[in-house]
Amino acid sequence: MARLKAFQGVVQQNADIADSLVVYIEEAHPSDGWMSTDAPYQIPKHRRLEDRLNAAQLMHLEVPGCLVVVDSMENSSNAAYGAFFDRLYILQEGKVVYQGGRGPEGYRISELRDWLDQYRKGMEKSNNLVINM
């Protein structure tokens with residue numbers, strides 16, 4: 001949950017320059033599988049899309065104001081982006097411009113924040129550009 005709070009902070013700080021989206025993929029620690037002892041929710045393995053949608057509702061409560069969508073039951077987003085368990089991305093004009101490491105070890109919200117800070121500085125510089133004609 002601490003990761004979600006940190007993510008939510010970055011989302012709120014950068015809402016003026018970035019849209020945010022959470023893609024809920026398959027449950028990493030299902031209650032009927034390899035369950036984590038510190039899991040805040042008891043979510044069984046998703047057997048149907050409705051199961052995944054219900055679980056995503058819990059995620060939405062943790063990141064209000066951020067769009068939450070779910071991966072297909074074929075896990076196509078997870079496969080395409082190598083997101084299992086969690087991963088941070090920035091896409092710009094349809095291209096990946098930042099790809100964080102795979103979580104949990106490679107999940108670094110500070111890298112995401114730094115990238116967005118640099119992007120914001122670049123935007124400010126281009127807004128202050130004076131063109132003489």
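None of the values given here were measured: they were computed from a predicted structure. (Residues numbered from 1 in each chain as written. Predicted model: local features only at pLDDT ≥ 70, side-chain atom pairs only at ≥ 80, totals over all residues. Heavy atoms only, no water.)

A. Representation of the overall build of the protein chain within the structure. Each helix and strand counted, the protein chain has four helices and four strands in total. Helices (α) and strands (β) of the protein chain occur, in sequence order from the N terminus, as α-β-α-β-α-β-β-α. For the protein chain, the proportion of its 133 residues judged to be buried stands at 29%. Relative to all contacts within the protein chain whose residues are 6 or more apart in sequence, the contacts with residues 24 or more apart total 47%. (Helix = DSSP H or I, 4+ residues; strand = E, 2+ residues; numbered from the N terminus. Buried < 20%, exposed > 50% of the residue type's maximum accessible area, 1.4 Å probe, protein only. Contact = heavy atoms within 4.5 Å.)

B. Region of interest: a nonpolar patch on the surface. Nonpolar side chains collect at one region of the surface, where Leu 21, Val 23, Leu 67 and Val 69 lie side by side and expose about 310 Å² of accessible area between them. Contributions of two or more residues to the nonpolar patch are made by strand E1 (21–24) and strand E2 (67–70). With respect to the helices and strands, Val 69 occurs in strand E2. Residue Val 69 is classed as partly exposed on the basis of its relative accessible area, which comes to 30%. (Patch = residues over 30% accessible without salt bridge, like charges linked within 9 Å, V, L, I, M, F, W, Y side chains within 5 Å. Areas by Shrake-Rupley, 256 points an atom, 1.4 Å probe, with all protein chains shown as cover. Salt bridge = Lys/Arg side-chain N within 4 Å of Asp/Glu carboxyl O.)

C. Summary view of the side chain of Arg 87. Examined against the element boundaries, Arg 87 turns out to sit in the loop between helix H3 (76–81) and strand E3 (89–92). Of note is the side chain of Arg 87, whose polar atom sits 2.9 Å from the backbone oxygen of Gly 82. Reaching out from Arg 87, the side chain makes a polar contact with the backbone oxygen of Gly 100 at a distance of 2.8 Å. Contact partners of Arg 87, with chain neighbours within four places excluded, come to Tyr 81, Gly 82, Gln 99, Gly 100, Gly 101, Arg 102 and Tyr 107. (Polar contact = N/O pair within 3.5 Å; in protein donor to acceptor, adjacent residues only side chain to side chain.)

D. Structural view of the nonpolar core. Core analysis: the largest hydrophobic core is formed by 21 residues, its most contacted members being Phe 7, Val 22, Val 63, Leu 88, Ile 109 and Leu 112. If you tally residues by element for this core, the top one is helix H1 (residues 2–13), at four residues. With residues near it in sequence (within four places) discarded, Phe 7 still touches Val 22, Val 63, Cys 66, Leu 88, Tyr 107, Ile 109 and Leu 112. (Core = buried A, V, L, I, M, F, W, Y, C linked by side-chain atoms within 4.5 Å.)

E. Looking closely at H1. For H1, spanning 12 residues, the distance from its first C-alpha to its last is 17 Å, which sits close to the expected 16 Å at 1.5 Å a residue. Three or more residues of H1 are buried, namely Leu 4, Phe 7, Gln 8, Val 10 and Val 11. One face of H1 carries all of its buried residues, which in axial projection span an arc of 160°. With respect to the buried face of H1, the exposed residues turned more than 90 degrees away are Ala 2, Gln 12 and Gln 13. Structurally, H1 contributes buried residues whose contacts are with E1, helix H2 (49–62) and helix H4 (109–127). (Expected span 1.5 Å × (residues − 1). Arc of directions from axis to C-beta.)

Interpretation in functional terms is not warranted from these geometric data alone.
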